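So you can see what is in the structure, the chains are spelled out below.
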Amino acid sequence: MQPKSEDFAFPKVSYAEKPFVENKINTFLQVDQLEYIPGSAGSPSKLVSTGKTSYSNYVYFYGWEKLKTPKNILSIAITGEASGAYPEGFDSWKNFDLRTGNLINAKDLFQPNSKKTVESLIQKSVRKEVNDFLTELKSDKNPSEEVLDQIAMYEDCFTDFTLDGIEYYFAEDKIRFIAGRCSNHAMRALDDLGSHVVEFPYKDLGKYWSSYAKNLLSDSEKVDKTSINNKLYKGKIDGKYPMTVLINSINEDDSFSASYWYDKNKKLINWRGEFVHDHLSITEDDYYSEELKQWVPRALIEADLKGNKIIGTWQDYKTKKYLKLELEEL
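Residues numbered from 1 in each chain as written. Predicted model: local features only at pLDDT ≥ 70, side-chain atom pairs only at ≥ 80, totals over all residues. Heavy atoms only, no water.

Student: Can you help me understand the overall build of the protein in this one?
Tutor: The number of helices and strands found in the protein is five helices and 14 strands. Relative to the compact-globule value of 20 Å for 330 residues, the protein shows a C-alpha radius of gyration of 22 Å, a close match. Its C-alpha atoms give the protein principal-axis dimensions of roughly 75 × 55 × 40 Å. Of all 330 residues assigned to the protein, the portion counted as buried reaches 47%. In the protein, 48% of the contacts between residues at least 6 apart in sequence involve partners at least 24 apart. Carbon and sulfur atoms form 48% of the exposed surface of the protein, whose accessible area is close to 17600 Å². (Helix = DSSP H or I, 4+ residues; strand = E, 2+ residues; numbered from the N terminus. Rg over C-alpha atoms; globule rule 2.2 N^0.38 Å. Buried < 20%, exposed > 50% of the residue type's maximum accessible area, 1.4 Å probe, protein only. Contact = heavy atoms within 4.5 Å. Areas by Shrake-Rupley, 256 points an atom, 1.4 Å probe, with all protein chains shown as cover.)

Student: What should I look at first to understand the domain arrangement of the protein in this one?
Tutor: Split into domains, the protein comes out as domain 1 (19-104), domain 2 (110-217) and domain 3 (231-329). On a C-alpha basis, the centres of domain 1 and domain 3 stand 23 Å from each other. Across the domain 1 to domain 3 interface the summed buried area is about 850 Å²; carbon plus sulfur atoms make up 79%. The largest share of the area that domain 1 buries against domain 3 comes from Val31, Ile37 and Asn102, three residues that together contribute 50% of it. On inspection of domain 1 and its partner domain 3, the count reaches zero salt bridges. The class makeup of the residues in the side of domain 1 that touches domain 3 is four nonpolar, four polar and three charged. (Domains from an automatic or database assignment. Buried area = accessible area lost by both parts, 1.4 Å probe. Salt bridge = Lys/Arg side-chain N within 4 Å of Asp/Glu carboxyl O. Nonpolar A, V, L, I, M, F, W, Y, C, P; charged D, E, K, R; others polar.)

Student: Even after reading the chapter, I still don't get the sheet that holds strand β13 (residues 309-316), so can you show me in this structure?
Tutor: The strands making up a sheet are joined through hydrogen bonds of the backbone, oriented either antiparallel or parallel. Taken together, eight strands build a closed barrel; the order of strands is β7-β8-β9-β10-β11-β12-β13-β14 and the barrel is antiparallel. On average, each strand axis in the sheet is inclined to that of its neighbour by 30°, with strand direction left out of account. Relative to β13, strand β12 (residues 294-306) is paired through eight bridges, and the arrangement is antiparallel. When the bridges of β13 are listed, Ile301 appears paired with Trp314. (Pairing = 2+ DSSP bridges. Axes fitted to C-alpha atoms, helices over the stretch in contact; angles between N-to-C directions.)

Student: For this particular structure, what's the right way to read the pattern of salt bridges?
Tutor: Any two side chains of opposite charge can pair, so long as their charged atoms come close to each other. Per the stated rule, a full pass over the model turns up 19 salt bridges. Here Glu199 ties to Lys174 by a salt bridge, and the two come within 3.2 Å at their closest N and O atoms. Here Lys174 lies in strand β5 (residues 174-179) and Glu199 lies in strand β6 (residues 196-201), a separation of 25 residues in the sequence. For Glu199, a relative accessible area of 37% puts it in the partly exposed group. Here Glu199 makes a salt bridge to Arg176, at a shortest N to O gap of 2.7 Å. In this pair, Glu199 is assigned in strand β6 and Arg176 in strand β5, connecting sequence segments 23 residues apart. Among the charged side chains, a network of salt bridges with common partners joins Glu88, Arg181 and Arg188.

Student: Is there a simple way to explain the nonpolar core in this structure?
Tutor: Side chains that are nonpolar tend, in soluble globular proteins, to be buried together. One finds Leu109, Phe110, Tyr154, Phe170, Ile175, Phe177 and Trp209 to be the most contacted residues of the largest nonpolar core, which totals 38 residues. Put simply, the parts of the chain that give this core at least two residues each are α3 (115-138), α4 (145-155), β4 (167-170), β5, β6 and α5 (211-217). Not counting residues within four places of it along the chain, the set of residues in contact with Phe110 comprises Lys115, Val118, Leu163, Phe177, Leu205, Tyr208, Trp209 and Ser210. In this structure, Phe28, Ile76, Leu98 and Leu232 belong to the second largest nonpolar core, which totals 26 residues. (Core = buried A, V, L, I, M, F, W, Y, C linked by side-chain atoms within 4.5 Å.)

Student: I keep staring at a negative patch on the surface and nothing clicks. Help me out?
Tutor: Taken together, Glu136, Glu145, Glu146, Asp149 and Asp192 make up a surface patch of like negative charges. No other element matches the three residues that α4 contributes to the negative patch. By the secondary structure assignment, Glu145 is in helix α4. Exposure remark for Glu145: the relative accessible area of 63% places this residue in the exposed category. (Patch = residues over 30% accessible without salt bridge, like charges linked within 9 Å, V, L, I, M, F, W, Y side chains within 5 Å. Lys, Arg positive; Asp, Glu negative; His and termini not counted. Charge placed at Lys NZ, Arg CZ, Asp CG, Glu CD.)

Here you go:
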């Protein structure tokens, strides 16, 4: 993606056979990673390269790679560095369904009653790697202070990873999950293990796959219903203001965030809310009041997910006026 530089090598997808899918993938990547709306004014790299994103970090993208996957899947590995209080390198993987352009959510890949089982398999593998290394460290009869620090770090290592909080990508015949390392930034130099990679051949997860995953991996064109997570919706407020919405992942406590923009001015507006039993309760903040020490709302949104549509109301916080909200999955 232009403008390419040594600090900005960001992927842009071309898919001549399906321009609609190409557009969805690029829109997701640019809004999600760069907080840039395709077609808007300015440079796509401006916010991340100047630390002006919502999370106030400088982010540098050093490169990316398209991975070898089954026919229906695009997996992209992205490498870069984020600088907040300190610089931190990162590797990130994004996986897309080439039939629809939607981001593939890990939870959609497994049957509801199998998710905990798959999480347990991942957790056990990570624990085994950590425990095996601990055994090796503890075999030292005269451990140095560094080794003692390593032992303490690995004994406190978080291993209860869930499908909500783990990176993953597809390979030709297997899926790889990448769990976070045991160390924080200060302890990084002591962490000989680094990130934990847990892989499963597709056939070994056969009894756990959802029908969506089975069709995805078998090159079928049949597309099963998936969750609202990480999807783009298009519609209107009051029947006359065209808008696009990107719903972020729903958290385990049912909270979520989203971004939307009016197609005319292409400026990101943030939502925060809850998604419970197919109902969305959302707050759109206006500004932060130093006097009140809290955000002052601009609008309150109540809506229901009905099939591939979101139908509800957008209420002006000051005037209390209700406007109709109608969205449809892209």
